[in-house]
Amino acid sequence: MFAISLGDDGAELTPLQPWQAEEFFAHIDGSRAFIGAHIGMPDAVSDLAAARAFLRAYAQKSVDDAGYLYGIRLDGRLVGGLMFRTFNTTNETAEVGCWVEESATGKGLVTRACRAIIDWAVEQRGMHRIEWVAPSENTPSLAVARRLGMSREGVLREQYPYRGKRADMEVWSVLAHEWRAAKAAAATDTGAEAGAGVTAS
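Here is what the cut-offs are and how they apply
Residues numbered from 1 in each chain as written. Predicted model: local features only at pLDDT ≥ 70, side-chain atom pairs only at ≥ 80, totals over all residues. Heavy atoms only, no water. Phe/Tyr/Trp six-rings, centres within 6.5 Å; stacked < 30°, edge-to-face > 60°. Helix = DSSP H or I, 4+ residues; strand = E, 2+ residues; numbered from the N terminus. Buried < 20%, exposed > 50% of the residue type's maximum accessible area, 1.4 Å probe, protein only. Core = buried A, V, L, I, M, F, W, Y, C linked by side-chain atoms within 4.5 Å. Contact = heavy atoms within 4.5 Å. Salt bridge = Lys/Arg side-chain N within 4 Å of Asp/Glu carboxyl O.

**Q** Just checking my understanding: could you explain the packing of aromatic side chains for this structure?
**A** Describing an aromatic ring pair means giving the distance of the ring centres and the angle of the ring planes. If you walk through the whole model with that rule in mind, you get nine aromatic pairs. Relative to Phe54, the ring of Phe24 lies with its centre 5.7 Å away and its plane at 20 degrees, an arrangement referred to as stacked. Residue Phe24 is located in helix H1 (residues 21-30), and its partner Phe54 is located in helix H4 (residues 48-63); the two are separated by 30 residues in the primary sequence. Using a relative accessible area of 0% as the deciding quantity, one classes Phe24 as buried. Among the aromatic residues, those joined into a cluster by ring pairs are Phe24, Phe54, Tyr58 and Trp99.

What follows is the structure, given as structure tokens:
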């Protein structure tokens, strides 16, 4: 199984597959209230059988090249994850979703993991548009979209019925040429910083 390093703190990005259902369920069950504050996945993963069904559904999406699911690990422990909820190679559009347990917040894990999969989608798979849709009240999620260089496109008012309320959903996106331009600018800035530290002898 592949693992992509997300930095020097032991964080990695790995696939989440049906054979990992027990680990996945234990992770969700241990952080049900925190993860479920804004997203319905913990409600869908109500028991081990539901966890296995959830992973199988994404495994089938992967086979169909229509969606992908990944785990974020810190020192080998599953602490969160992200997915391409949709992956449309005809329209060259994909939507990213994410979650993380409370103990793993504030470390930049989701942002780093998203950069890895978005870059793969744009550079390897030719995706033109990457979308991010989240409740207006989910400020940490919207902060990730902002850090990824996405643009806020609008609000779908009271679009998402969840636990007896209807949430406004914000739509953000980044286009392939914007992603590449931001990468090039970051590389230039990094090079300039490195050069600034060199002195002539």
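Anyway, onward from the coordinates.
**Q** What's the story with the nonpolar core in this structure? I'm lost.
**A** Proteins that are soluble and globular tend to have nonpolar side chains buried together. Within the largest apolar cluster, 36 residues are counted, with the highest numbers of intra-cluster contacts made by Ile72, Phe84, Ile118, Ile130, Trp132 and Met150. In terms of residue count, helix H5 (residues 109-124) provides more of this core than any other element does, eight residues in total. Apart from residues no more than four positions distant in its own chain, Phe84 is found in contact with Tyr58, Gly67, Tyr68, Tyr70, Ala94, Glu95, Val96, Ile117, Ile118, Trp120 and Ala121. Core analysis: the second largest hydrophobic core is formed by 16 residues, Ile28, Phe54, Tyr58 and Leu78 among them.

**Q** Before we go on, may I ask you to explain the pattern of salt bridges in this structure?
**A** One side chain can pair with another of opposite charge once the charged atoms of both are near each other. A full pass over the atoms with the stated rule returns 13 salt bridges. Of the charged contacts, one joins Arg73 and Glu23 as a salt bridge, the two residues approaching to 2.6 Å between their closest N and O atoms. Separated by 50 residues along the polypeptide, Arg73 in strand E3 (residues 68-74) and Glu23 in helix H1 bring together distant segments of the chain. Classification of Glu23 by relative accessible area gives partly exposed; the value is 34%. Each of the salt bridges in this network shares a partner with another, and the network as a whole consists of Asp119, Glu123, Arg180 and Lys183.

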